[in-house]
Amino acid sequence: DAGVIQSPRHEVTEMGQEVTLRCKPISGHNSLFWYRQTMMRGLELLIYFNNNVPIDDSGMPEDRFSAKMPNASFSTLKIQPSEPRDSAVYFCASSFSRTSGDTGELFFGEGSRLTVL
Amino acid sequence: DQQVKQNSPSLSVQEGRISILNCDYTNSMFDYFLWYKKYPAEGPTFLISISSIKDKNEDGRFTVFLNKSAKHLSLHIVPSQPGDSAVYFCAALASANAGGTSYGKLTFGQGTILTVHP
């Protein structure tokens, strides 16, 4: 079975450029999460979707960040304009939540390492 | 506001000895706790979990202990093996909610780098 697929694996861009990260969750999963990993704060939840609907975007750092999930098999995280402090590894994860409050195990992708020069 | 804290950035242990990774939390609504393991260039993978109704959960070489009064949990690995060398993340979940919108939302700590020497 294919796991969570993220692209690109590595992205190097210049400050001010637009960055789009992509994620394909595991088929059948109904929840999708975007996390950012930094040395100081570990894994921070940016936003998560349930049944393609954004549930909580309180972790999105600024208006420069936006995320969409147009269908059950695809999500994007966009940063525009990008800044050097956005450099981090961005993880997408998916799970199957049977009910609200379910402790469904998260399955992570391999991450997208972003470097903004 | 870091609700889940792993105060030790790194831990070095000899092969065969015990590894103890610690985690503290501040949110009293957390009632389910998980440990994830991450190798370089890979995503985190689930390792072991514990519900707040228990104080211990064991799975092979891995045991998680929960002290609710101290808001503290720990992961014990016995015996430690070189293949256990990875970053370990503690995570917490408040499964009970008023609005029905938890959906497995995990709060992670900063991670602890474990190195097991042969």
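A brief structural summary.

What counts and what doesn't
- Residues numbered from 1 in each chain as written.
- Chains lettered and ligands numbered in written order.
- Predicted model: local features only at pLDDT ≥ 70, side-chain atom pairs only at ≥ 80, totals over all residues.
- Heavy atoms only, no water.
- Pairing = 2+ DSSP bridges.
- Helix = DSSP H or I, 4+ residues; strand = E, 2+ residues; numbered from the N terminus.
- Disulfide = S-S within 2.5 Å.
- Buried < 20%, exposed > 50% of the residue type's maximum accessible area, 1.4 Å probe, protein only.
- Phe/Tyr/Trp six-rings, centres within 6.5 Å; stacked < 30°, edge-to-face > 60°.
- Core = buried A, V, L, I, M, F, W, Y, C linked by side-chain atoms within 4.5 Å.
- Contact = heavy atoms within 4.5 Å.

Turning our attention to the sheet that holds strand 3 (residues 19-25) of chain B. The five strands are arranged 1-3-8-7-6 (chain B) in an open sheet whose pairing can be described as antiparallel. Each end of this open sheet is capped by a strand with a single partner; those strands are strand 1 (4-5) and strand 6 (56-59) of chain B.

Attention shifts here to the state of the cysteines. Under the defined criterion, the tally for this structure stands at two disulfides over all chains. Across the disulfide from Cys 23 of chain A sits Cys 92 of chain A; the S-S distance is 1.9 Å. Judged by the sign of its S-S torsion, about -70 degrees, the bond between Cys 23 of chain A and Cys 92 of chain A is left-handed. Taken as a pair, Cys 23 of chain A in strand 3 (residues 19-24) and Cys 92 of chain A in strand 9 (residues 88-95) lie far apart in primary sequence, 69 residues in all. Taken individually, Cys 23 of chain A and Cys 92 of chain A each receive the classification buried, so the pair is uniform in this respect. One disulfide in the model links Cys 23 of chain B with Cys 90 of chain B; its S-S distance is 2.0 Å.

Counted according to the given criterion, the structure contains 12 aromatic pairs over all chains. Their ring planes at 40 degrees and their centres at 4.6 Å tell us that Tyr 25 of chain B and Phe 33 of chain B sit as a pair that is tilted. An identical accessibility class is assigned to Tyr 25 of chain B and Phe 33 of chain B; each is buried. Here the aromatic residues Phe 33, Tyr 35, Tyr 48, Phe 91 and Phe 108 of chain A together with Tyr 36, Phe 46, Phe 89 and Phe 108 of chain B are joined through ring pairs into a cluster of three or more.

The peptide bond linking Ser 7 of chain A to Pro 8 of chain A adopts the cis configuration, its omega dihedral lying at -10 degrees. Mapped onto the fold, Pro 8 of chain A is located in the loop between strand 1 (5-7) and strand 2 (10-13). Pro 81 of chain A follows Gln 80 of chain A through a cis peptide bond whose omega is -5 degrees. Its location among the elements puts Pro 81 of chain A in the loop between strand 8 (74-79) and strand 9. The residue Asn 52 of chain A is not glycine, and still its phi comes out positive at about 75 degrees. Residue position: Asn 52 of chain A is located in the loop between strand 5 (42-50) and strand 6 (53-56). Note on Asn 52 of chain A: relative accessible area 28%, which makes it partly exposed. Not every positive phi belongs to a glycine, and Ala 41 of chain B is a case in point at roughly 65 degrees. Along the polypeptide, Ala 41 of chain B turns up in the loop between strand 4 (32-38) and strand 5 (45-51).

If you look at the biggest cluster of nonpolar residues, it comprises 23 residues, and the most contacted ones within it are Phe 33, Trp 35, Leu 73, Leu 75 and Tyr 88 of chain B. For Tyr 88 of chain B, the residues in contact, after removing those within four places along its chain, are Gln 6, Leu 21, Trp 35, Tyr 36, Lys 37, Leu 47, Leu 75, Ile 77, Gly 111, Thr 112 and Leu 114 of chain B. Listed in part, the 21 residues of the second largest apolar core include Val 4, Leu 21, Met 60 and Cys 92 of chain A.

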